[in-house]
Number of protein chains: 4
Amino acid sequence: MRMAIRVAVAGASGYAGGELLRLLLGHPEVEIGALTAGGNAGTPLGAHQPHLAPLADRTLVETSAEQLAGHDVVFLALPHGHSAEIAARLGQDVLVVDCGADYRLADAAAWQRWYGGEHAGTWPYGLPELPGRREELRGARRIAVPGCYPTVTSIALAPALAAGLIAPEVVVVAASGTSGAGKSLKPNLLGSEVMGSVSTYSVGGAHRHTPEMTQNLSAVAGRPVSVSFTPLLVPMSRGILATCSAPVADGVDAARVREVYAKYCADEPFVHLLPEGSWPATSSTLGANTVHLQVTVDADAGRLVVVGAEDNLTKGTAGGAVQCMNIALDLPETTGLPTVGVAP
Amino acid sequence: MRMAIRVAVAGASGYAGGELLRLLLGHPEVEIGALTAGGNAGTPLGAHQPHLAPLADRTLVETSAEQLAGHDVVFLALPHGHSAEIAARLGQDVLVVDCGADYRLADAAAWQRWYGGEHAGTWPYGLPELPGRREELRGARRIAVPGCYPTVTSIALAPALAAGLIAPEVVVVAASGTSGAGKSLKPNLLGSEVMGSVSTYSVGGAHRHTPEMTQNLSAVAGRPVSVSFTPLLVPMSRGILATCSAPVADGVDAARVREVYAKYCADEPFVHLLPEGSWPATSSTLGANTVHLQVTVDADAGRLVVVGAEDNLTKGTAGGAVQCMNIALDLPETTGLPTVGVAP
Amino acid sequence: MRMAIRVAVAGASGYAGGELLRLLLGHPEVEIGALTAGGNAGTPLGAHQPHLAPLADRTLVETSAEQLAGHDVVFLALPHGHSAEIAARLGQDVLVVDCGADYRLADAAAWQRWYGGEHAGTWPYGLPELPGRREELRGARRIAVPGCYPTVTSIALAPALAAGLIAPEVVVVAASGTSGAGKSLKPNLLGSEVMGSVSTYSVGGAHRHTPEMTQNLSAVAGRPVSVSFTPLLVPMSRGILATCSAPVADGVDAARVREVYAKYCADEPFVHLLPEGSWPATSSTLGANTVHLQVTVDADAGRLVVVGAEDNLTKGTAGGAVQCMNIALDLPETTGLPTVGVAP
Amino acid sequence: MRMAIRVAVAGASGYAGGELLRLLLGHPEVEIGALTAGGNAGTPLGAHQPHLAPLADRTLVETSAEQLAGHDVVFLALPHGHSAEIAARLGQDVLVVDCGADYRLADAAAWQRWYGGEHAGTWPYGLPELPGRREELRGARRIAVPGCYPTVTSIALAPALAAGLIAPEVVVVAASGTSGAGKSLKPNLLGSEVMGSVSTYSVGGAHRHTPEMTQNLSAVAGRPVSVSFTPLLVPMSRGILATCSAPVADGVDAARVREVYAKYCADEPFVHLLPEGSWPATSSTLGANTVHLQVTVDADAGRLVVVGAEDNLTKGTAGGAVQCMNIALDLPETTGLPTVGVAP
């Protein structure tokens, strides 16, 4: 009989932490250990995550290496800038899965520009759907989980770039639910402001996920890819729908595009190419670790258009993190991860 | 090694059918067989249930006893009035779980008044949380799953009535998401009408679930209980929050009430009494087979108030149906059923 | 030619203040003067109320009697406890309309219990739809605008109590949009928490609007009325739907009830009794100063049921305040007030 | 004293018709005459438009030239293909304002491709914010109101194209509320499907509003403009947020762009350029006849980005129609049209 894998979650009172716990409660191989928080330390988890009834009475402890020590896996769901110190004090045999931004960007200058402060370094990048990444994750003990926007947009565009179907100038407009902004007490995230309204923010290349997309897509394309990225805030809690387009290469038609994507999706357990004529809806991925894709060519405008849907908290954060854990620990990749969304 | 239980779902293109399939895909003991529909027969399931990607290519067949024969379990998710004929033609060893209203009411006159047409009869009532019901379900081969409103309101009020805490005159106002109305093409169910608005319908005792509540609560109380029931339509897809109140009996205080409910919930795997000071939110039960309860006494108004939350499609319909199947087939009652909601 | 009425709004960066300004911008007789705020003083209004484009460049000044002096009308949209000091320093010829709670309750002991601190006193109560109130408002220079819940529930139940149609024991369950809670940075008001969920709060007689309802309804009934009040928080920004019921008096049937309500509504410019068979939806009152009502008798349960809808920010706060100003200043009561909701 | 302008609305039971009536009820110069419908003829307006309480008892009559004759202005809010026959039978002195697509496209081949059937012709195009269009509308007696998407995207991009700030290859992703699809009984428009989900449709150049945008933008640019257009369906009833981008011309920076847009907006009564740092939200335009704009340059990606917000039913349809009527009849252009949205 296999021993349970003992996991800790740092940042358990936030949205990413809560989603990690929802998934881990349904994971057959793990046992949930320490749950840590910042300002909420000392209070019961149930006060912050009322849906996690089985863990309601667990007391949150202070986020520290001491509290996180003694686990097989430590998930960090913290604001950026907090992972390095903790990770340095956890053994190299402990699997540390960072849901924050600290170890995503390889370029120190990019880190400085977008986040400021010292560049912590780079860990194996937790997006197994990108070429070569799954292999890097096997046996890894440090993993940087991608941002929610880069997850879906990289998966959506990688096949086209890898196959040379498009020019390296992509335009991405991604509509996101509000949970992507975390449990932040800002006026523009209040229900009264969000409901019945669509807005935008960080327009014109100002969003921190832009360099991460550029990094991923350039690596796949083998040359620099420019990314024009606009995020939209839409009135729902979870989900991202990314509309991605780029000038289509000469001679590439819809059939060729479909062939490329079908081949790509056939090997990926969590990425589905929808039947022709059907376009993604985020509700189909709600609470599931999946990405739904559809592709077409706009012959008039000369552009390939790919639309991808995901749940930003599941595949976009916590589900992706658990998937990486499964790969790193040599468990079947889909263990404990829902593949069917809660719809309608 | 146990043989897989072979299940069929009649009405697979509707909301209840879709939720049954979502749950059954995650049930470790079942194998999904025939999927039937009415007008949608001949089309692929994926055209109607895009979230059920693993079953997208399955073709819906005509709802008939022939198509449903040869399974261990048949779930009926049909409009009322269609179950009797099908059930009569399925063997007595086949477990038939009816999510419709046909076999819920014991009183033929009540059936006539509320539904019209011939009264089909009564099957064991699929609400194991009511006194004596769980026992009736063990080994049963015909089960009538309750309506979504009666599920949560009966669970919310049964402990108080059983313990004589309240007078038998209850007032229930229950706010429901729109999926409770099914995939009906009516103007008042369009997103444009529903979003940003709360409305009501079937006010003044006109809702068909009223006699079912009266039946359940009177049985628990051992005397007639009058039910004033008002359903609200609120802008969300899933979830019911039921506010239930009644005049509190002399000498009953909040502590006594809490004691009764705590005892009740301790024995129920899917019913949670929230910590004091915390009130139910439907999101905590989204996609889960749970009911969350909280209770208090309004000393000024002299009323006990119980608030209950559920997901109308899960515990309120399909999850309750799977729970009943588990009991009837002597599986652990919680097999394959989520107990943590998808929140936020 | 009439001189413009010069108005100031204290608390202009909040939701009530914003709605006052939206209405005042459309009011043909007023000129908008000082706009004050607390912590937001010194910033432009546009930073807080982006929809009020015509006033975007106005600078918010500190809330103080000095800044508010020199206007014909001063609207106070402040947290409770702040009105007395300001009002004392404004001339008796200035019309002060308080949207807060300070001057609503006549009973000093009730004030102490529900709000704490010293009881400021009582001003003419700004609900002209209650018997005798409209007359008190004519020429008044101090007005206390009712709470949003008491507005719709008092209008819904007053006709029945005045005509002796019901016993004085009412049960009210009112579903409200989140704007009723103001622009408060609390986790449970975040969009991520609110959307897709219904919850409740202040259950069991704990809501501060309860004594105001009791006061209003007892005055109408001429005897003590007990009120069991439960507020629900539903996923929309604006609107309240109140379901009100009470034991119906002997011999009172639906026809008699309808007659009483039709007579009442015929005299009220903002209260509409819907056609038989049609039930209120809050969207029909969105942004309008109206209350929509419907009534029935539940013969089985022996209860009268009245459902009322309003926009909590319009008729429930700012619209009611402007209506009172119109009455006090002897303008036509409907001046500048929308009577058609923005739907769908 | 001016005589009231007598107006009729064809298609009064739909969303565009309802919005026309909401605005016309607040228009000081008009008197509402015949209200016509197709299948709903013979029923009271209140059964379809419960928010239009002042007109609840009006009976809908059959849509026909006979019923529409005898008015000064006739608004047509009908499915495409129905306007020509009616307009031909109304006098040339009657102002006919068509909210449908029939007379929008100048190119008969484009009409054939996108709508099929015979091309009806072209009427003066009701978007006064485009160069030269306002002049064409003065005194006009036939007007074609633009589609909801072309309204906001044409206004958003016209200044940049007119000033040569961008290359003629634009990418538009526009998120729309569901009311843009009309009161259509389709499963994907049900509240249960729409809420909590973002989806897309008519991707890859397949949306009928694409040729209208191409026509408008090419006219402004003085050369062919290619438009890649993707519409998103988001969970709200009203509002469009359009994200528009194109390669920026050499030497054009953010300051130059802002200068161009500020100059443009200064002359337009309904188009607002937001303060720097503030981005549009659709709620700020809810129920108002306004378009809110913001612009920036993404230097990394080399693109100009313009974001525009409108209410699809107001400025995008009915409000634009009333604005055109005002111009055609030489009334002040803003008469009866709200300029402040209902927010939050």
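What counts, and where the lines are drawn
- Residues numbered from 1 in each chain as written.
- Chains lettered and ligands numbered in written order.
- Predicted model: local features only at pLDDT ≥ 70, side-chain atom pairs only at ≥ 80, totals over all residues.
- Heavy atoms only, no water.
- UniProt positions renumbered as here; feature names shortened; annotations may be inferred.
- Least-squares fit on C-alpha atoms with pLDDT ≥ 70 in both.
- Contact = heavy atoms within 4.5 Å.
- Buried area = accessible area lost by both parts, 1.4 Å probe.
- Salt bridge = Lys/Arg side-chain N within 4 Å of Asp/Glu carboxyl O.
- Polar contact = N/O pair within 3.5 Å; in protein donor to acceptor, adjacent residues only side chain to side chain.
- Helix = DSSP H or I, 4+ residues; strand = E, 2+ residues; numbered from the N terminus.
- Nonpolar A, V, L, I, M, F, W, Y, C, P; charged D, E, K, R; others polar.
- Domains from an automatic or database assignment.
- Buried < 20%, exposed > 50% of the residue type's maximum accessible area, 1.4 Å probe, protein only.
- Right-handed = clockwise from strand over helix to strand, strands pointing away.
- Pairing = 2+ DSSP bridges.

As annotated in an unreviewed UniProt entry, chain A carries the name N-acetyl-gamma-glutamyl-phosphate reductase and is attributed to Allokutzneria albata. In UniProt, chain A has this text filed under Pathway (unreviewed entry): "Amino-acid biosynthesis; L-arginine biosynthesis; N(2)-acetyl-L-ornithine from L-glutamate: step 3/4." The Catalytic activity (unreviewed entry) field of the UniProt record for chain A holds the comment "N-acetyl-L-glutamate 5-semialdehyde + phosphate + NADP(+) = N-acetyl-L-glutamyl 5-phosphate + NADPH + H(+)".

A few words on the relation of the copies chain A and chain B. Turning chain A through 180° and shifting it by 0.0 Å along the axis lays it on chain B, with an RMSD of 0.0 Å. The symmetry that links the two subunits is that of a two-fold axis. Identified as the residue of chain A closest to the rotation axis by C-alpha distance is Gly196(A), at 3.4 Å. When the interface residues of chain A are mapped onto chain B, 100% of them again fall at the interface, so both copies present the same face.

Looking now at the interface of chain A and chain D. Taken together, the contacts link 40 residues of chain A with 40 residues of chain D. Buried surface at the junction of chain A and chain D, both sides included, amounts to about 3,100 Å², of which 65% is carbon and sulfur. In this assembly, chain A and chain D are joined by two salt bridges. In this structure, the salt-bridge partner of Asp300(D) is Arg113(A), at a minimum N-O distance of 2.7 Å. Viewed at the interface, chain D and chain A are joined by ten residue pairs in polar contact (both at pLDDT 80 or more). For the side of chain A that touches chain D, the elements supplying multiple residues, two or more each, are helix H4 (108-114), strand E7 (169-176), strand E8 (199-200), strand E9 (226-233), strand E10 (240-247), strand E12 (291-298) and strand E13 (303-310) of chain A. Take the side of chain A that touches chain D: its biggest share by element is five residues, from E9(A). When the residues that make up the side of chain A that touches chain D are grouped by side-chain class, the tally is 20 nonpolar, 15 polar and five charged.

So, on to the domain arrangement of chain A. All names here are of chain A. Entries for chain A in the domain assignment read domain 1 (5-145 + 317-329) and domain 2 (149-310). Placing the centre of domain 1 and that of domain 2 at their C-alpha centroids yields a distance of 24 Å. With 24 residues of domain 1 at the interface, the matching set in domain 2 holds 27 residues. Where domain 1 abuts domain 2, roughly 2,000 Å² becomes buried across the two surfaces, and 53% of that area is made up of carbon and sulfur atoms. The largest share of the area that domain 1 buries against domain 2 comes from Tyr15, Trp114 and Glu129, three residues that together contribute 33% of it. The interface formed by domain 1 and domain 2 holds three salt bridges in total. When the shortest N-O distance is used, the salt bridge between Arg238 and Glu19 registers 2.6 Å.

What follows covers the pairing of strand E2 (residues 30-37) of chain C. Residue and element names in this part refer to chain C. Burial of E2 is extensive: seven of the eight residues sit out of reach of the surface. With helix H1 (residues 15-25) bridging strand E1 (residues 5-10) and the parallel E2, this β-α-β connection has right-handed handedness. Pairing analysis gives two bridges linking E2 to strand E3 (residues 61-62), with the strands arranged parallel. Directly across from Ala37, in E3, lies its bridge partner Glu62.

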